[in-house]
Amino acid sequence: MTGGLLYHIGKFVGWHAEIFKRPENMKMYYKETIRQMYEIGIGSLMIIFVVSLFIGAVTAVQFTYQLQGTLIPAYYIGYIVRDMAIIELAVTFSSIILAGKVGSNIASEIGGMRQKEHIDAMEIMGVNTASFLVMPKIIAALFVIPILVSVAAIVSIGGGYIATIYGGAFTAEDFIQGLRSFFKPWTVCMMYIKAFVFAYILTSVACYQGYFVTGGSVELGHASTRAVVYGIISILIADYIIAVVLTS
Amino acid sequence: MIRAEGIFKQFGDQEVLKGIDFTFEASKTNLIIGKSGAGKTVLLKILVGLFDSTKGHVWYGDRDLCSLNKAQLRELRMQVGMLFQGNALFDSMTVEENIRFPMDMFTRMTVGEKQKQVDYCLERVNMEGINAKFPSEISGGMQKRVGIARAIVLNPKYLFADEPNSGLDPKTAILIDALISDITDENKITTVINTHDMNSVMEIGENICLLHEGKLAWQGNMDQVIESDNDILQNFIFASPFLQKLKNRAFGTT
């Protein structure tokens, strides 16, 4: 098992030399990158919005319950929702959702192209397929996912506000005071660092699983599942490492 | 001219090709024939560089495919067109975008020049007016023709076709054969077709290589097929009882 893992890590790292080669035609790569930005960004906006709204709301409701009967000031709820959304929930939840939605989509798309000989056809034409099929997706993800994470953070805080105010637990003033208390700009930097790293991980892992798929539709299904599972595990490991490094 | 020299290919313990030596002649329609599992597709993929051979060399003129670096290989592939068994047309692109793709990727032609070349290629395969259709909106035979149009759009020196007749009715299969043969003659292309279609063998086989269990079992041309006394060839060509009866009637044998 360790041998297999090391083999795939080595292959994955070595494969990057092919991915980041000079494009044959910048215009084609640009067009493909824009298409991918649309697919990843607009295609994921709704689910990110809905999930973030409820995560913010649930965080607020749960902490309201926890804080009842304590001496902690009411406005702390805004502070807690804000920091949890920015530092952890928006970026990690969004990336996990995207690993599921975008990751499986990418693995299926590239794997399907492999099975239908589209990749062979491009190779025969002289296209560097690793670069043409993967680089635009990674670049698109690096642009779009941090934007989605920003949306997720804002919507989460909005969800917390709605749940708190309309739940009748606190006043709007308390929540807003909390939002404006103890703010450290560094937490926003942390969010974006995580967003970039997670975007890279979820896209490259999914592309790898799709690109090297062999066999038929069952194997393609397995590759798609692996893209999601390995993507999520890698994101969680990276999350821990980044948290340790950036808070030490 | 393309020359396969001592080609061996092994997948794990299974030896698929066992020392193939064959010359695919320039400006001719060369056929690789044989039963399913004989190693035809593997040989074709080795010829175009999609598979590496375990041992042996593939020569394009005086260039050894196995010793080319990636840049040289890409340069060579610009001279190669290929028609795949499943057509390999990009589903998300229209017919026109499919044919234009190699030009978009590798040439600095103007929009007008590209359009002219797309229209010429579609006209050449008798498929005018379907530019805006998607591959899923046209029939299998039409997809084959579009695949041919895409393969010839950059005026290749070498054309490869992996079972171009598979899944087609006999009449359409004959038309596809004739089209490939005509394009080969007109443009002096070296064409290599992998097939087990008997019509192809008898109609367009100018240079034929019969594979059997990974070895070269016979070589010749369409005129020599009937006269040959090679058992493997005869068993392959006249495999069906119907063709066997026809042969017996024609040659007065029992």
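By convention here, each chain's residues receive numbers from 1 onward along its written sequence. Just so you know, chain letters begin at A and ligand numbers begin at 1, following the order they were written in. Residue-level local features of this predicted model are given only where pLDDT is at least 70; pairs of side-chain atoms are given and counted only at 80 or more, and the full residue set underlies all totals for whole chains, interfaces and linings.

**Focus on the environment of Ile 48 of chain A**
All names here are of chain A.
Turning to step 1, where the next piece is worked out: What counts as a helix is a DSSP run of H or I of at least four residues, what counts as a strand is a run of E of at least two, and both are numbered from the N terminus. Here Ile 48 shows up in helix α2 (residues 26-67).
Turning to step 2, where the next piece is worked out: Spatially, the C-alpha atom of Ile 48 lies 9.1 Å from that of Ala 90, the residues being 42 residues apart in sequence.
Turning to step 3, where the next piece is worked out: A pair of residues counts as a contact when their C-beta atoms, built from backbone coordinates, are within 7 Å of each other. Apart from residues no more than four positions distant in its own chain, Ile 48 is found in contact with Ser 94, Ile 97, Leu 148, Val 151 and Ala 152.

**Some points on helix α5 (residues 129-167) of chain A**
Residue and element names in this part refer to chain A.
Turning to step 1, where the next piece is worked out: Residue count minus one, scaled by 1.5 Å, sets the expected span of a helix. The terminal C-alpha atoms of α5, which comprises 39 residues, lie 53 Å apart, in line with the 57 Å expected from a rise of 1.5 Å per residue.
Turning to step 2, where the next piece is worked out: Two axes enter the bend calculation: one fitted to the seven residues ending at the residue in question, the other to the seven starting there, and the bend is the angle between them. At Leu 142, α5 shows its largest bend, some 30°, and a proline, Pro 146, comes one to four positions later.
Turning to step 3, where the next piece is worked out: One or two positions beyond α5, positive phi appears at Gly 168, with a value near 80°.

**Re the domain arrangement of chain B**
Residues and elements named next belong to chain B.
Turning to step 1, where the next piece is worked out: With domains assigned, chain B is organised as domain 1 (1-79 + 156-221) and domain 2 (89-155).
Turning to step 2, where the next piece is worked out: Start and end positions for the domains come from either an automated domain assignment or a database one. Between the C-alpha centres of domain 1 and domain 2 there is a distance of 24 Å.
Turning to step 3, where the next piece is worked out: Every contact between the two is made by twelve residues of domain 1 and, on the other side, ten residues of domain 2.
Turning to step 4, where the next piece is worked out: A per-element tally of the side of domain 1 that touches domain 2 places helix α6 (residues 170-187) first, with six residues.
Turning to step 5, where the next piece is worked out: Asp, Glu, Lys and Arg are counted as charged, while Ala, Val, Leu, Ile, Met, Phe, Trp, Tyr, Cys and Pro are counted as nonpolar; the rest, among them Gly, fall into the polar class. In terms of residue class, the side of domain 1 that touches domain 2 is built from nine nonpolar, three polar and no charged.

**A few points about the environment of Ala 173 of chain B**
All names here are of chain B.
Turning to step 1, where the next piece is worked out: With respect to the secondary-structure elements, Ala 173 resides in helix α6.
Turning to step 2, where the next piece is worked out: The exposure class of Ala 173 is buried, given the 21 C-beta atoms found within 10 Å.
Turning to step 3, where the next piece is worked out: Sequence separation of Ala 173 and Ser 200 is 27 residues, and the distance between their C-alpha atoms is 8.4 Å.
Turning to step 4, where the next piece is worked out: Aside from chain neighbours lying at most four places away, what touches Ala 173 is Asn 165, Leu 168, Asp 197 and Asn 199. To sort residues by burial, count the other C-beta atoms lying within 10 Å of each one's C-beta; a count of 20 or more means buried, 12 or fewer means exposed, and anything in between means partly exposed. C-beta atoms are built from the backbone.

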